[in-house]
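# Descriptive structure summary
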2 protein chains.
Amino acid sequence: MKLLRVDMHQLQTRWEPVPAAYERLGGRALIAQLLLEEVPPTCDALGPYNKLIFAPGLLGGVNVTTCGRLSVGGKSPLTRGAKEANAGGTAGDMLGKLDIKAVVVEGQAAKGNWYILHIHDESTELVPAGDVRGLGTYASSDRLQEKYGAESTVISIGQGGEWMMGGAGICVTGEGGQRSNHAARGGLGALMGSKGLKAVVIDKPEGKTASLANAELLRTAARAFAQKLINDPKLGKSGTQHLYGTASIVAVVNEMGAFPTRNFREGSFEGAEKLRGEHLREVTLGRGGEVGTRCMPGCVIACRNVYVDESKTPIVGTLQYETIALMGSNLGLGNLDEIAQLNRMCNDFGLDTIETGAALGVAIEAGLAKFGDFESVRALLAQVGEGTVLGRLIGNGAAATGRVLGVRRVPAALGQAMPGYDPRSLKGNGVTYATSPQGADHTAGNAFGARKEVNPLVVPGQKELSLRLQIIAAMLDSTGLCLFARPPIIAEPQLMVDMINGRFGWGWTVDDYNRFNRQVLRTELEFNRRAGLTSADYRIPEYMHAEALPPHNVTFDVPDSDLDAVFEKL
Amino acid sequence: MKLLRVDMHQLQTRWEPVPAAYERLGGRALIAQLLLEEVPPTCDALGPYNKLIFAPGLLGGVNVTTCGRLSVGGKSPLTRGAKEANAGGTAGDMLGKLDIKAVVVEGQAAKGNWYILHIHDESTELVPAGDVRGLGTYASSDRLQEKYGAESTVISIGQGGEWMMGGAGICVTGEGGQRSNHAARGGLGALMGSKGLKAVVIDKPEGKTASLANAELLRTAARAFAQKLINDPKLGKSGTQHLYGTASIVAVVNEMGAFPTRNFREGSFEGAEKLRGEHLREVTLGRGGEVGTRCMPGCVIACRNVYVDESKTPIVGTLQYETIALMGSNLGLGNLDEIAQLNRMCNDFGLDTIETGAALGVAIEAGLAKFGDFESVRALLAQVGEGTVLGRLIGNGAAATGRVLGVRRVPAALGQAMPGYDPRSLKGNGVTYATSPQGADHTAGNAFGARKEVNPLVVPGQKELSLRLQIIAAMLDSTGLCLFARPPIIAEPQLMVDMINGRFGWGWTVDDYNRFNRQVLRTELEFNRRAGLTSADYRIPEYMHAEALPPHNVTFDVPDSDLDAVFEKL
């Protein structure tokens, strides 16, 4: 494999053999190590010393289902620590097939100059962005695929990233004209913007396949893995995740009292019924939209939808749980059409719907719009596209919005907005938000799936649960695996070990694999420590310790000593 | 002496004997210790657990010249650490005469409810702010003195504090209708606003004098101290500071290449001639304004002015160096009338001119106004009074403005804007900005006065100089002494020891005094450590290490190892 270095200051690209330190790493693991080795931990996240890294997971590009996620990383302008966010689409698969371990973007272009990085097999070039600059992600993707071919993959930022907004993510196209896979969290779009890089285009590598050390071993394990997914009652063709997508959990989270409602003031929403996955499916199919579509080629779960309006025009593909929570109940909105419109605006601006939904909730708290009043919320979000100062503020996320507007009720940890699970009534998630090197994040160690195992309302068991889930999350994010595909690997780690050995021939044991997963967290924690982050930065906001959350009237009461102990057994 | 506790949640006040831990402390020293003992270091600075402390220095209320400054403190919303800012005016003297060690404001009033704390000798009350709410500091002071008497002292916040802006300070009235003494730095006005406290009114304590342990000892030392000030060639009647005020240093700082110009892009300003103290004096006297006035009763230095317009109407009293630098050259403005207008607006809004000047420079950098174009700058600052989101952003200071507008060139350290000395060409100040528990601050250890002793352009000697100056600053801020009055005390510490012993009878030696001064810094550093601040938070911004500052073309090149070593000998 090889590394592509992109120097935005000199406007040069360079292939490099993979340095030994990165050889057995991929995705999030590679990002963490590269940050530790190459990025000054206290550097300005939007300055020239930070690096933007695109890395497929270890299994990117090989014929394994749901393993094609693209990891994007760097030092986060929001958390000020190590950040990885990943997205579906075709980029992870393409880079893997090209045997590219990572694309590392360094330095900064001269202010006001914007470029497109074009990768065609071994040939690479940086070309001026021209009139793609200033466009949203939909138009950017369209324009670039018109130029480079409909089968090319486009990784782009919208206005959010161009203006270096802390809530900006990075958009990745998928097969069949998909436009909305987002490596959304942590402001990595702002990092891409700070480099002067508007987009990366990867031409489809015709006839290329990733090299395999033991094709037979890989094939056998991959087949067993796919079969287990298909046979899983939740994931297979009649499973809730295939039928209803991520929105399948709306009803349960709402019943648990953990469904963020009106800026995390309440834990259940009176309008939740119309936000349920079942309703989403019904509306979508009734209008001629699609359900059960894929974000990555060959995925056997297919949890995605294409949400359309009444005239069958696609609004977004896909409408997901986190967006429904943060831009729906969190804003007092109970109408999927309205949520889908806000979602589309965020997608186009290239903004994280979690961060932006939380920021809108905070802005409403400050009186700038009204809970439940779609038009006032839409007008507020529209400011982002209009480039007003208010728009820039909202686009910078919940913490900045709260600070400037003098709002104390900001649902964030480590500077990053909380996803759709109130930590007071899903305490395992609270522990993850308050300790993960990634900050408050729905994929860093989500305890929702373990709610029957550890009572989400009590303190005992949460710290152990969070650690276990954080280690699994690190594995998923480093192999390119989707969160939904984890059950067979948790049940039988040897499957993953075989797939990795089949690809690389490293002769790993399950012990090696466990060590690898834990090391990801250790490396990130060390980077964050060197970046000057302390427990004071990580914690759950003060008001959540004092304000009881209806309907269970619970506060976040996991003691600091438990939080401090999470990584003792790492 | 006694302590006044003000509970803004219960709306109760309570006198309390001074706890033993605070007995031998005053001003900044008391604030530091009280924070360490009573305020959870990781608390939300604008939440209910922070405390706002008003404390005269040890010599407040006694008949010692220039010792009546009022210290205000709490955990800063800007630096997130221990903060003390002090102001002249009559408050320090009044509280001292009332034998009040400190007024400690705790808890928070119900949202939207605003109160005035009225202190009349031993009687205290919290009364609704009524229509004083929403007023600037000029009108607030007028209104409250109309009600409580022209001789009462008013401590108030303006719109900045009410809206909890990070750049908000606290205004203190002085004798003869003075309206603009400001405990400006660190966002303490926002802290006052978060409590729901619009103002404190202290009626003049008729016939009260501070109790003295040894009146003769105090009188002798105080007389010697005053005489030394009068005899000092710089401070006496023919001294530059009396004649030209703080603006006397404009020419020298400009020649040194440390005069912040156009958002710290340059170190000398082509229009500096018209900003000099000599010019300020000439214009002021020519128009019938005043120079050589006092901020505190009985001050023998009298460095203040009343700057008037051509029709002799007072604009501000006093126009000072830091404002001239940050709102003048830093914004490309070379006209004192224009600077005075911006100054008056800040005073009225209750905003720190340093923080706000720096924020305006950053906003100009983002294209929201033009360097040197007064009208565009005035319009930008006017937004604060109009309550727009842009106004709230500017009012929140340089770091927030930079973050939201995507500007990397933000002259701040520990979240607080730098005063009027570029750290690249006055490296001793850079060391102070980068290490002081108070963040970038002009009174925390200012190396300007030592420029002939340690070459400001070279690295050697700066860390020792900064430590020495930081210790002296801690002494000044804890005794109520003005920065200008330090030379006699530095030359002869026994003078201060005698004055303190005369007041309290503690039998201090010079060693005790030295220990006391150092302990202030130790306590603050410990609070900041517990608040989670690390060297990564303290440092000089990255761009100042890379961008050479004209005319000397120097970067900030003091190595981190020197910065880390500053407090080794504390």
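Residues numbered from 1 in each chain as written. Chains lettered and ligands numbered in written order. Predicted model: local features only at pLDDT ≥ 70, side-chain atom pairs only at ≥ 80, totals over all residues.

Time to look at the overall build of chain A. Secondary structure summary: chain A contains 23 helices and 17 strands in total. Considering only C-alpha atoms, chain A reaches an extent of 55 × 50 × 50 Å along its principal axes. Sequence-distant contacts, at least 24 apart, represent 70% of the contacts inside chain A between residues at least 6 apart. (Helix = DSSP H or I, 4+ residues; strand = E, 2+ residues; numbered from the N terminus. Contact = placed C-beta atoms within 7 Å.)

Residues and elements named next belong to chain B. When you line up the elements, Asp 562 lands in helix α23 (residues 560-565). Separated by 100 residues in sequence, Asp 562 and Gln 462 have C-alpha atoms that sit 8.6 Å apart. Dropping the residues within four chain positions of it, Asp 562 is found in contact with Val 459 and Lys 463.

Now for the relation of the copies chain B and chain A. Structural alignment of chain B on chain A gives an RMSD of 0.0 Å, achieved by rotating through 180° and translating 0.0 Å along the axis. Such a combination of rotation and displacement between the chain copies is what one expects of a two-fold axis. (Least-squares fit on C-alpha atoms with pLDDT ≥ 70 in both.)

Bringing unusual backbone geometry into the picture now. Looking along the chain, the bond that leaves Pro550(A) and enters Pro551(A) is cis, with omega of 0°. Of note, Pro551(A) is situated in the loop between α22 (543-546) and α23 (560-565). In this model, Gly317(B) is joined to Thr318(B) through a cis peptide bond whose omega is 25°. One can find Thr318(B) in the loop between β15 (314-316) and α10 (321-327). Phi at Met164(A) is positive, roughly 55°, even though this residue is not glycine. When you line up the elements, Met164(A) lands in the loop between α4 (159-162) and β10 (170-172). Of note, Lys312(A) is a non-glycine position whose phi angle comes to about 70°, a positive value. Look at Lys312(A) and you get exposed, because 10 C-beta atoms sit within 10 Å. (Buried ≥ 20, exposed ≤ 12 C-beta atoms within 10 Å, placed from the backbone.)

Tallying the contact residues gives 26 residues for chain B and 26 residues for chain A. Counting residues per element, the ones that place at least two in the side of chain B that touches chain A are α14 (389-395), α15 (398-405) and α21 (535-538) of chain B. Residue composition of the side of chain B that touches chain A, by class: 12 nonpolar, seven polar and seven charged. (Nonpolar A, V, L, I, M, F, W, Y, C, P; charged D, E, K, R; others polar.)

The next thing to look at is helix α15 (residues 398-405) of chain A. Counted residue by residue, α15(A) has eight buried out of eight residues, so it is predominantly covered. Considering only its buried residues, α15(A) is in contact with α12 (353-365), α14 (389-395), β16 (412-413) and β17 (416-417) of chain A together with α14 and α15 of chain B. Just past α15(A), the residue Gly406(A) takes up positive phi, approximately 70°.

All names here are of chain A. Spatial strand order, β2-β1-β6-β3-β4-β5: six strands in an open sheet with mixed pairing. What marks the edges here is a single partner per strand, and that holds for β2 (12-17) and β5 (82-87). The sheet shows a mean angle of 20° between the axes of neighbouring strands, taken without regard to direction. (Pairing = 2+ DSSP bridges. Axes fitted to C-alpha atoms, helices over the stretch in contact; angles between N-to-C directions.)

Turning next to the packing of helix α1 (residues 27-38) of chain A against helix α20 (residues 510-530) of chain A. All names here are of chain A. Where α1 meets α20, the axes come as close as 9 Å, and the angle between the chain directions of the two elements is 35°. As α1 packs across α20, the resulting crossing turns out to be left-handed. Contacts between α1 and α20 involve Arg 28, Ala 29, Ala 32, Gln 33, Leu 35 and Leu 36 on the former and, on the latter, Phe 516, Val 520, Thr 523, Glu 524, Glu 526 and Phe 527. Partitioning the contact of α1 with α20 into residue classes produces seven nonpolar, two polar and three charged. (Left-handed = near helix turned anticlockwise from the far one by under 90°.)

Looking now at α12(A). All names here are of chain A. In this model, α12 (13 residues) spans 18 Å end to end at C-alpha, consistent with the 18 Å of a helix rising 1.5 Å per residue. α12 sits mainly inside the fold: 13 of its 13 residues count as buried. The first or second residue beyond α12 is Gly 367, which carries a positive phi of 95°. (Expected span 1.5 Å × (residues − 1).)

Residues and elements named next belong to chain A. In space, the three strands of this open sheet follow the order β13-β14-β15, with antiparallel pairing throughout. Since the sheet does not close on itself, it has two edges, and those belong to β13 (290-293) and β15 (314-316), each with one partner. The mean inter-strand angle of the sheet, taken between neighbouring strand axes irrespective of direction, is 35°. Across two bridges, strand β14 (residues 304-308) lies against β15 in antiparallel orientation. Counterpart to Val 308 in the pairing with β15 is Pro 314. Helix α9 (residues 277-287) rests against β13 and β14 of the sheet, and its axis sits at about 60° to β14. Packed on one face of the sheet, helix α11 (residues 336-349) meets β14 and β15 and runs near 70° to β15.

What follows concerns the environment of Leu25(B). Position of Leu25(B) among the secondary structure elements: in the loop between β2 (12-17) and α1 (27-38). Residues contacting Leu25(B), with those up to four places away along its chain left out, are Leu30(B) and Gln33(B).

This next bit is on the nonpolar core. Soluble globular proteins tend to bury their nonpolar side chains together. Of all hydrophobic cores here, the largest spans 365 residues; its most connected members are Ala363(A), Phe54(B) and Ala363(B). Beyond its immediate chain neighbours, meaning those up to four positions away, Ala363(A) contacts Leu368(A), Ala369(A), Leu380(A), Ile394(A), Thr401(A) and Leu405(A). (Core = buried A, V, L, I, M, F, W, Y, C linked by C-beta atoms within 7 Å.)

We now examine the pairing of strand β4 (residues 70-75) of chain B. All names here are of chain B. Within β4, six of the six residues are buried, which leaves the element mostly enclosed by the surrounding structure. The pairing of strand β3 (residues 52-56) with β4 spans four bridges and is antiparallel. Bridge pairing links Phe 54 to Val 72 in β4. Sheet topology places β4 next to strand β5 (residues 82-87); six bridges connect them, and they run antiparallel. Counterpart to Leu 70 in the pairing with β5 is Ala 87. Linkage of β4 to β5, two consecutive antiparallel strands, is achieved through a turn of six residues, within which Arg 80 is found at a positive phi near 65°.

Residue-level pLDDT values for chain A average 97, and 100% of them are 70 or greater. Among the prediction metrics, the complex's ipTM stands at 0.96, with pTM recorded as 0.97. (pLDDT = per-residue confidence, 0-100.)

Residues and elements named next belong to chain A. Secondary-structure assignment places Val 554 in the loop between α22 and α23. In the structure, Val 554 is positioned 297 residues away from Gly 257 in sequence and 9.6 Å away in space, judged by C-alpha atoms. If sequence neighbours within four positions are ignored, Val 554 has contacts with Arg 424, Ser 425, Leu 457, Ala 548 and Leu 549.

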